[in-house]
Amino acid sequence: MSDASEKKPDDFRIESLLGVGFDNTDGEVRLTRGPDFALVGGSQPTHERMQETVCKVNERLEKRGKRLRDASREEFTDILREVVEKLGDKE
């Protein structure tokens, strides 16, 4: 008999993203919250990069008519990889 609280691998859901930056040396406290994400800390460039990343991920999900919690693990991973690669090309 299995416990009703056990989750099967296909029940995997990402409810929200948490970004934490540790490279802050200017003493500023940076916090950004939005739909399905929270970003804390980081230098100004790091925090801006986290903001851009989560916004692009959410935009791509929205184009598919989904929110973060609706995406499969594979779909989320693919979207995140695409966004990070594209942002890396900008540098």
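Residues numbered from 1 in each chain as written. Predicted model: local features only at pLDDT ≥ 70, side-chain atom pairs only at ≥ 80, totals over all residues. Heavy atoms only, no water.

Visitor: I tried to follow the side chain of Thr53 on my own but got confused; where do I start?
Guide: Tracing the backbone through its elements, the reader meets Thr53 in helix α1 (residues 44-63). Classification of Thr53 as buried rests on a relative accessible area of 14%. Filtering out sequence-adjacent residues up to four positions away, Thr53 remains in contact with Leu80, Val83, Val84 and Leu87. (Helix = DSSP H or I, 4+ residues; strand = E, 2+ residues; numbered from the N terminus. Buried < 20%, exposed > 50% of the residue type's maximum accessible area, 1.4 Å probe, protein only. Contact = heavy atoms within 4.5 Å.)

Visitor: Where do I start with a nonpolar patch on the surface in this structure?
Guide: On the surface, a cluster of nonpolar side chains totalling about 560 Å² of accessible area is made up of Leu18, Val20, Phe22, Leu31 and Val40. By the secondary structure assignment, Leu31 is in strand β2 (residues 31-34). Its relative accessible area of 55% is what places Leu31 among the exposed residues. (Patch = residues over 30% accessible without salt bridge, like charges linked within 9 Å, V, L, I, M, F, W, Y side chains within 5 Å. Areas by Shrake-Rupley, 256 points an atom, 1.4 Å probe, with all protein chains shown as cover. Salt bridge = Lys/Arg side-chain N within 4 Å of Asp/Glu carboxyl O.)

Visitor: How should the sheet that holds strand β1 (residues 17-21) be read in this particular structure?
Guide: Strand pairing in a sheet relies on backbone hydrogen bonds. The paired strands run either parallel or antiparallel. Spatially, β1-β3-β2 is the arrangement adopted by the three strands of the open sheet, whose pairing is mixed. Each having just a single partner strand, β1 and β2 make up the two edges of the open sheet. The average undirected angle you get between the axes of adjacent strands in this sheet is 5°. As defined by bridge partners, β2 adjoins strand β3 (residues 37-41) across four bridges and the pair is classed as antiparallel. Counted as the bridge partner of Leu31 is Val40 from β3. Across the sheet, α1 touches β1, β2 and β3, and the angle it forms with β3 is around 170°. (Pairing = 2+ DSSP bridges. Axes fitted to C-alpha atoms, helices over the stretch in contact; angles between N-to-C directions.)

By themselves, these observations are geometric and do not establish any function.
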